[in-house]
Amino acid sequence: MSLLKLIGHIAIILILTIITQIGGIIWLLTIIISYKIKKGKRIVFPLLYLLFNLVIIPPIATHFGREKLPWFDKHLKPRNWFYPLAFRNYVNPELKRELEDSAHVLFKSGITITYLDANFPFFNGFPLLPHLSHNDGKKIDLSFMYLDHNGISTSKKPSISGYGVYANTDKNYSFKSCLEKGYWQYDFTKYLTLGTIHNLKLDKPKTVLIIKKLLSAPSTQKLFIEPHLKQSLGLGHESKIRFHGCKAVRHDDHIHYQIK
């Protein structure tokens, strides 16, 4: 193997490990298997990746206190396939039960809980970038609910990634304050939308239903949204709703939820 190829493989392993935690190991196995069976890596890698994602990793993750969230459930689902495909849909059993119970109750009100980044399947403390704290199975990001151009509640979201399209940006004083203090990353998620869907507005009543249902769980530790949303949604009295601080990113495009 030439030095250039070796550097390329190392780069792929590092990138896949950062994004998925498991992908670097899968790529390393792909190199070995491809060499042994004389098949191209473009064939071996996707097959091996799906095998690990769907069959091998979930039962192993349970020994680390993590369980994967569903892909296709009508009550609780990912914003898109990236999150489960990238192994970013793992939480501890208590958080999973809380999300599933809340989702079944909220579905009766026409709400499907849509999740974004959760946690990786293994090891407390392993960073799920770009997040600061999604590293122990107890945290997850959830989408708001929205209204379409006719004012009808919809499960659609204003960005493909679920991040980066902010609600009531003219009232977000923490956004201006954090940028003025030099926290340049505060609105960085606006570059991570992967495309936007226009004519969607925040569905305040149903977003409030999601938040109140989550807050009602005894295991709830805290929930992050922007201070201006806490006020405009009429949740100013809720002590478990906190401001996340300028070192994080804006939270008027999603809910950060965590349990004790």
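The three strands lie next to each other as β7-β6-β8, forming an open sheet whose pairing is antiparallel. A single partner strand is all that each edge strand has here, and the edge strands are β7 (153-154) and β8 (201-202).

Taken together, the side chains of L3, L6, I7, I10 and L14 make up a nonpolar region of the molecular surface, amounting to roughly 480 Å² of accessible area. Mapped onto the elements, L6 comes out in helix α1 (residues 3-20).

A word on the nonpolar core. Counting residues in hydrophobic clusters, the biggest one holds 37 residues, and the most contacted among them are I140, L142, I211, L223, I225 and Y257. Counting only elements with at least two residues in this core, the list comes to α5 (93-107), β4 (113-115), β5 (139-142), α7 (204-215) and β11 (255-259). No other element matches the five residues that α7 contributes to this core. Excluding its chain neighbours within four sequence positions, the residues that come into contact with Y257 are L95, E98, K138, K139, I140, L142, L214, A217, T220, K222 and L223. Within the second largest apolar cluster, 14 residues are counted, among which are I31, Y49, I57 and F87.

Moving on: the state of the cysteines. Within the structure shown, the criterion is met by one disulfide. Each disulfide pairs two cysteine sulfurs, and for C178 the partner residue is C246, the sulfurs being separated by 2.0 Å. The sign of the S-S torsion, about -75 degrees, decides the handedness of the disulfide formed by C178 and C246: left-handed. One end of the pair, C178, is in helix α6 (residues 173-180); the other, C246, is in the loop between β10 (241-242) and β11, with 68 residues separating them in the sequence. When its relative accessible area of 1% is taken as the criterion, C178 is described as buried.

At a minimum axis distance of 6 Å, the contact between α1 and helix α2 (residues 23-37) shows a crossing angle of 145 degrees. Residues H9, I12, I13, L16, T17 and T20 of α1 touch α2, and the partners they reach there are G23, G24, W27, L28 and I31.

The UniProt feature table records "transmembrane region" (unreviewed entry) at residues 6-31 and 43-61. Across residues 6-31 one finds 92% helix and 0% strand; the C-alpha atoms that close the span lie 11 Å apart. Here residues 43-61 is 100% helix and 0% strand, with 26 Å between the C-alpha atoms at its ends.

Glancing now at the side chain of S143. You can see S143 is positioned in the loop between β5 and β6 (146-147). Among the residues examined, S143 registers a relative accessible area of 4% and is labelled buried. Residues in contact with S143, not counting those within four places in the same chain, are T114, L116, K157, I210 and I255.

What counts, and at which threshold
Residues numbered from 1 in each chain as written. Predicted model: local features only at pLDDT ≥ 70, side-chain atom pairs only at ≥ 80, totals over all residues. Heavy atoms only, no water. Pairing = 2+ DSSP bridges. Helix = DSSP H or I, 4+ residues; strand = E, 2+ residues; numbered from the N terminus. Patch = residues over 30% accessible without salt bridge, like charges linked within 9 Å, V, L, I, M, F, W, Y side chains within 5 Å. Areas by Shrake-Rupley, 256 points an atom, 1.4 Å probe, with all protein chains shown as cover. Salt bridge = Lys/Arg side-chain N within 4 Å of Asp/Glu carboxyl O. Core = buried A, V, L, I, M, F, W, Y, C linked by side-chain atoms within 4.5 Å. Buried < 20%, exposed > 50% of the residue type's maximum accessible area, 1.4 Å probe, protein only. Contact = heavy atoms within 4.5 Å. Disulfide = S-S within 2.5 Å. Axes fitted to C-alpha atoms, helices over the stretch in contact; angles between N-to-C directions. UniProt positions renumbered as here; feature names shortened; annotations may be inferred.

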